[in-house]
Structures are given as structure tokens and as C-alpha cells.
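For reference, the chains in residue letters:
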Amino acid sequence: MLSGSALLLGAMIGWFVPLSRRIIAAIMAFGAGVLISALSFELIDEAWRQGGFAPVAGGFLAGALVYTLANYWLSHRGARHRKRSHEKTRGEQAEKHPDNGAALAMGALLDGIPESIVIGVSLLQGAGVGLVAVIAVFLSNIPEGLSSAAGMKAEGKKAVGVFALWAAIALASGASAAIGYLAFDGVAPEGVAFVQAVAAGAILAMIVDTMVPEAFEGTHDFAGLIAVSGFLSAFALSRIA
């Protein structure tokens, strides 16, 4: 719920507060670095320890494939630039898809469900919620809610409907985390490892397809440095925690 609430927070910022594209892109770059660190050390490494290479490799490729196919479908229905903050880009997308709010919402669910399930699965280890995973998802959700809400505002959507939509998606994220905890409790380690790898593959595909382009377009030569800072911060936090 905490990580999903960032979508609603971002939507409120995008609706009421005019932020520069460079600031949004910097947040995106930092969040991308944090997510890469989280999936490397919190997901893939842990999945390999539990299930070995075969479940990890199969799940990783399966997650990337499923995400890519779903993202391709949504991209042709108005959700291609759901993490983009540039008004021109959003405007061009809105012209091609005048009513792309549903596609944007589905895109947010597509991005958020694997992340949320991972948070729930992390509870099965008996060490509490993975703090790095929550922070990573939170940071990646803010720009998405921000840019998508701004786009919906430009389309003439009403504030009540937009905020209700993002609140529902935040609730769905919390429900996905609960499902991740309940559905995989008692499952063999290989099964849990497969699920973690599926989520990791989907998250990495999402980072490359949606977050990295926006981060680079907004910060250019500094995108790599900011992403490395996010990666290092998350790595340090995972070791300290």
C-alpha cells in the first residue's frame, strides 16, 4: 500500500504542481538505479539461492516476454508514454488516442503488479518486508502517477475521476502484495524462485522500455551518474538493513 500510494501522490503533484522535466527525469533515473539494484540483489540473487539456475532463467525470460507482449499491446492503445513527463510527447500520444486513460491505468497495473507481488513474497522469508524493494517501487511510481495524471488533465478529465482511478490502482497494488504472500505460502522453494524471477524479468523489461528513455531524454549526460547513485544507495541500504 505504501509503495502503491506513490501513484496517488505523483498524480496529485502532476495535477497541482508544475515541475520541470529535468527534475522528473532525475527522479526517474534514480528510481531506475534503485530498481536495478533491488532486482539484482533482492530478487535474482535470492531466487538463485532458493531454486537454482533453471527456475531463475526460465522465470526471468518468461517475465520479460509476458511484460513485453503486454506492453506492446498497451503501447498501441495510448499507454506508450505513460512514464513520460514531456508535454509534447503526451500531446502527440493524446492526439493519436484521444481517450487513453484506460490504457494508462492498465499500464500502471502492468508495471506495478510484479513489483507488489515481490513485496508480498519477501514476507515469506520471515525477515519482514524488503525495505529496498518498497523504496524502489515507491520511487518508480511517483513519476508514473505524475506524468499520467498530467496527461489526463490535458485530455479534460475531471480531478475526482482521475484521483479515484489512481487510488484504486494503489489499492490493487496492496492487494497484489497480499496475494503474493498468501498464494505462495508453502510453495516449494523452486516455485517461489520462479515467481521472483518472473517479477524480476518483468521489472527489468519495464525499466529499459519506459524509465530509461524518459530519464535520458530529461537529463542526458547525467542520467547514468544519477542511476548509479540510485543503485549504490539501494545496495548500501540492503547491506545495512
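The coordinates are above.
Presented here is a report on the structure given in the accompanying data block. None of these values were measured; they are calculated from a predicted model. (Residues numbered from 1 in each chain as written. Predicted model: local features only at pLDDT ≥ 70, side-chain atom pairs only at ≥ 80, totals over all residues. Heavy atoms only, no water.)

All right, on to the side chain of Ser 3 then. Among the secondary structure elements, Ser 3 is positioned in helix H1 (residues 2-16). For Ser 3, a relative accessible area of 5% translates into the label buried. Excluding anything up to four places from it in sequence, Ser 3 contacts Ile 119, Val 134, Val 137, Phe 138 and Asn 141. (Helix = DSSP H or I, 4+ residues; strand = E, 2+ residues; numbered from the N terminus. Buried < 20%, exposed > 50% of the residue type's maximum accessible area, 1.4 Å probe, protein only. Contact = heavy atoms within 4.5 Å.)

Evaluated as defined, the whole model comprises 4 aromatic pairs. Where Phe 41 meets Phe 231, the ring centres are 5.9 Å apart and the plane angle is 65°; that geometry is what we call edge-to-face. Placement of the pair is Phe 41 in helix H2 (residues 21-51) and Phe 231 in helix H9 (residues 223-240), with a sequence separation of 190 residues. On the basis of relative accessible area, Phe 231 is assigned to the partly exposed category, the value being 27%. (Phe/Tyr/Trp six-rings, centres within 6.5 Å; stacked < 30°, edge-to-face > 60°.)

Residues Leu 35, Ile 203, Ile 207 and Met 211 are the most contacted members of the largest nonpolar core, which totals 25 residues. The set of elements that each furnish at least two residues to this core consists of H2, helix H3 (53-79), helix H5 (101-122), helix H6 (131-154) and helix H8 (189-219). With 9 residues, H8 is the single largest residue contributor to this core. Excluding anything up to four places from it in sequence, Ile 207 contacts Ala 32, Leu 35, Ile 36, Leu 39, Val 212 and Pro 213. The next biggest cluster of nonpolar side chains, apart from the first, holds 9 residues, and it includes Leu 7, Ala 149, Met 152 and Phe 163. (Core = buried A, V, L, I, M, F, W, Y, C linked by side-chain atoms within 4.5 Å.)

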